[in-house]
Number of protein chains: 2
Amino acid sequence: MTKIREINERELVSIITEIMESGLISNRSSPLVAAGKDDCAVLELNGSELLVASTDMLHSSTDFPAGMTPWQMGWMSVAVNLSDIAAMGARPIGVMAALGLPPDLELDNVKELVKGMKACAGIYGTQIIGGDIDRHDELTVVGSVLGSTDKAHLILRKGARIDDLVCVTGELGTAGAVLDALENDTNVDPGLIEKFYQPTPRIFEGMALARTGCVTSMMDISDGLAMSLHDLAAASGVGFVIKSEDIAIHENVRDMARDDDQLVEWSVYTGGDFELLFTLRPECIEKIGEVAKFTIIGKVTSDSITMQRNGRIEGIEARGFQQFGDNI
Amino acid sequence: MTKIREINERELVSIITEIMESGLISNRSSPLVAAGKDDCAVLELNGSELLVASTDMLHSSTDFPAGMTPWQMGWMSVAVNLSDIAAMGARPIGVMAALGLPPDLELDNVKELVKGMKACAGIYGTQIIGGDIDRHDELTVVGSVLGSTDKAHLILRKGARIDDLVCVTGELGTAGAVLDALENDTNVDPGLIEKFYQPTPRIFEGMALARTGCVTSMMDISDGLAMSLHDLAAASGVGFVIKSEDIAIHENVRDMARDDDQLVEWSVYTGGDFELLFTLRPECIEKIGEVAKFTIIGKVTSDSITMQRNGRIEGIEARGFQQFGDNI
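Residues numbered from 1 in each chain as written. Chains lettered and ligands numbered in written order. Predicted model: local features only at pLDDT ≥ 70, side-chain atom pairs only at ≥ 80, totals over all residues. Heavy atoms only, no water.

> Help me understand the overall build of chain A, please; the structure alone is not making it clear to me.
On a plain count of helices and strands, chain A comes out with 11 helices and 12 strands. For chain A, the C-alpha radius of gyration of 19 Å lies close to 20 Å, the compact-globule estimate for 328 residues. Principal axes of the C-alpha set define a box for chain A whose edges measure 55 × 55 × 50 Å. When each of the 328 residues of chain A is scored for burial, the buried share is 60%. Sequence-distant contacts, at least 24 apart, represent 83% of the contacts inside chain A between residues at least 6 apart. (Helix = DSSP H or I, 4+ residues; strand = E, 2+ residues; numbered from the N terminus. Rg over C-alpha atoms; globule rule 2.2 N^0.38 Å. Buried < 20%, exposed > 50% of the residue type's maximum accessible area, 1.4 Å probe, protein only. Contact = heavy atoms within 4.5 Å.)

> Which parts of the structure should I look at to understand the packing of helix α3 (residues 70-86) of chain B against helix α6 (residues 190-197) of chain B?
Two packed helices can be described by the angle between their axes and the distance between those axes. All names here are of chain B. Running from N to C, α3 and α6 cross one another at 50°; their axes reach a closest spacing of 9 Å. Taken together, the axes of α3 and α6 are oblique relative to one another. Contacts between α3 and α6 pair Gln 72, Trp 75 and Met 76 from the former with Glu 194, Phe 196 and Tyr 197 from the latter. Class assignment of the residues belonging to the contact of α3 with α6 gives a composition of four nonpolar, one polar and one charged. (Axes fitted to C-alpha atoms, helices over the stretch in contact; angles between N-to-C directions. Parallel < 35°, antiparallel > 145°, perpendicular 65-115°, else oblique. Nonpolar A, V, L, I, M, F, W, Y, C, P; charged D, E, K, R; others polar.)

> Honestly, the sheet that holds strand β4 (residues 128-135) of chain A in this entry has me stumped. Any pointers?
Hydrogen bonds along the backbone pair up the strands of a sheet, which may run parallel or antiparallel. Residue and element names in this part refer to chain A. The mixed open sheet is built from five strands, whose spatial order is β1-β2-β5-β3-β4. At either margin of the open sheet sits one strand with a lone partner, and together these are β1 (41-44) and β4. Within this sheet the neighbouring strands show an average axis-to-axis angle of 15°, counted without direction. Helix α3 (residues 70-87) contacts β2 (49-59), β3 (91-101), β4 and β5 (140-150) of the sheet and is inclined by roughly 145° relative to β2. Lying on the sheet, helix α4 (residues 107-123) is in contact with β3, β4 and β5; it crosses β3 at an angle near 165°. (Pairing = 2+ DSSP bridges.)

> I would appreciate a short explanation of the packing of aromatic side chains in the present structure.
Two descriptors summarise a pair of aromatic rings, namely the distance from one centre to the other and the angle between the planes of the rings. A complete count under the given rule lists 10 aromatic pairs over all chains for this structure. A ring pair is formed by B:Trp71 and B:Trp75, whose centres lie 5.5 Å apart and whose planes are at 20°; its orientation type is stacked. Of this pair, B:Trp71 and B:Trp75 both sit in helix α3, separated by four residues, roughly a single helical turn. A centroid spacing of 5.7 Å and a plane angle of 40° characterise the contact between B:Phe196 and B:Tyr197, whose relative ring orientation is tilted. The same class applies to B:Phe196 as to B:Tyr197, namely buried. Linked through ring pairs, A:Trp71, A:Trp75, A:Tyr124 and A:Phe204 together constitute an aromatic cluster. The ring of A:Tyr269 carries A:Arg319 above its face, with NZ or CZ at 4.0 Å from the centroid. (Phe/Tyr/Trp six-rings, centres within 6.5 Å; stacked < 30°, edge-to-face > 60°. Lys NZ or Arg CZ within 6 Å of the ring centre and 35° of its normal.)

> Explain the interface of chain A and chain B here, please?
In many reports, interface size means the accessible area that the parts give up when they come together. Contact with chain A, which involves 80 residues of that partner, is made by 80 residues of chain B. Where chain A touches chain B, the interface holds four salt bridges. The partner of A:Arg5 in a salt bridge is B:Asp104, with the nearest N and O atoms 3.0 Å apart. For the side of chain A that touches chain B, the residue count by class is 38 nonpolar, 21 polar and 21 charged. (Salt bridge = Lys/Arg side-chain N within 4 Å of Asp/Glu carboxyl O.)

> Would you take a moment to explain the sheet that holds strand β8 (residues 239-243) of chain B for this structure?
Residue and element names in this part refer to chain B. Judged by pairing direction, the sheet is mixed, and its seven strands sit side by side in the order β7-β9-β6-β10-β8-β11-β12 without closing on themselves. Since the sheet does not close on itself, it has two edges, and those belong to β7 (215-220) and β12 (312-315), each with one partner. Neighbour-to-neighbour, the strand axes of the sheet open up by a mean angle of 25°, direction not taken into account.

> Would you take a moment to explain the relation of the copies chain A and chain B for this structure?
The relation between the two chain copies is a rotation about an axis coupled with a shift along that axis. For the pair chain A and chain B, the best superposition has an RMSD of 0.0 Å and corresponds to a rotation of 180° with a translation of 0.0 Å parallel to the axis. Taken together, these values place the two copies in the relation of a two-fold axis. When the interface residues of chain A are mapped onto chain B, 100% of them are again interface residues, pointing to one common binding face. (Least-squares fit on C-alpha atoms with pLDDT ≥ 70 in both.)

Interpretation note: all reported values are geometric properties and have no functional meaning in isolation.
Structure representation (structure tokens):
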């Protein structure tokens, strides 16, 4: 009898997805994009509007490190979901929150958590529209976010074409550096901790990029750049070559790294940076420069996922530090 | 410092709802019906279609009694959410599932759980469109269900008018009787246990009732008939008088009850029966008889919530056995 501990999460996702998909009859309520295939599920509504939806479970033992404030826990539980909405180029239209609360938790901390959720939703143009509360031994926060987009502006993981440019918003490696410091109890810039505990979902960037008509595929890199490149490659049927020195990394993260190997470990193989990975038609480069801040880190190839590093080419492994649960 | 254990769930819902609502500026992304006000949140989309959404957290220690199969756990986690969709008169269009899975759980049990979710979604015309999996010490299943309805057919808790008939689908008291038997380790009809473990969300009844144009208010009675009458009364600004002998109760539940007091305790003051409570224009009674099976249990009054029982009138208290967490 196989136990859950004996299989990895990706395998489990495949098993569940297969059960969900077997024997399904397509009808009006079938999603345009189904479970396990993208950052969000996508449903067709009347007219040209599409509904996108995502859910994420966070809980104390795996997602809320010791120094995180309740406000930041609330912020993060909304932010991780908004990041999935951003990855579709969609606009968030509502957040639901299911809270499992330990009896010994202080009410003031619950208020702070709820305020953090509200702040994150509010800044990105939406709000908490409903939820559920339950007593639970372990603080557990499940956010579900709904978004909408025009059919014409929906961006999927599928769609990258050979010679497209590979781009990433923001800076990578922050989560890796902070996790490393927390684990080894070493000093770390409080600004980096805040960046990790209070991530910026790229809602505005995602919407702006989608509207240019220049973006051919997109996803968030919550599972790390390497895993995400593999996911995007599989969905689009392409390969990638990226240049490690072109990855944008915060100066303080660079300073913290022992060597180049550690920097690559943090910026390529660690999850928790909620940035967008996307591919761009090369002819669009001038048009798109104004709508969002991002870095070009490589280009789309016909196959294999590799990295130029110190003048050499090396394969990028399909692994990441899976701080947060996988999306089905 | 107040701890969570020191306040009841309704108070906590009020506190959270107040934080969520303070300082909000109404805009396109504001819900038509907000957190804490109804069985579902309601969002306006383009055109005349409305989106309804609900989330519910279930977990081992409070929601999955010892004899429940993993398949039934899956079924129930979808059913409780569908019940909220039914209460709005809406059609379900997608279910998301966030699963917190203990490492020692057997994979076969997870498969069964997922099959139970899929079966329940499928029977009511929808499917699992996405989700998240996480390792968790306690088996925790959070379902989020989306539904849609025409603006013209949306039914809220608000809308009951004096002299409307008070109606309930199905039979009440089953959950109460089974919980009592499980708690006291007494014998109980396996058919009743199955009815409790595998509840029938009233999706088809809710949709059919909403389309008659005869239903003035509706909600599900997952928190028990008494709590639901109080909630409906508060939302509609009315009162109710019901007749205890008109409440439909399964024959085997009647047989199990020690006395009339226990029967009232099970059928009025216990949650867990996922039936719909609704109010009906009296002139509609003939028109509506064909669309769904239900019982008329009383009528709407100007104020106070009372019950005729053995020829006497008694007040109905605002209490219920809250087996499942409150909706915010």
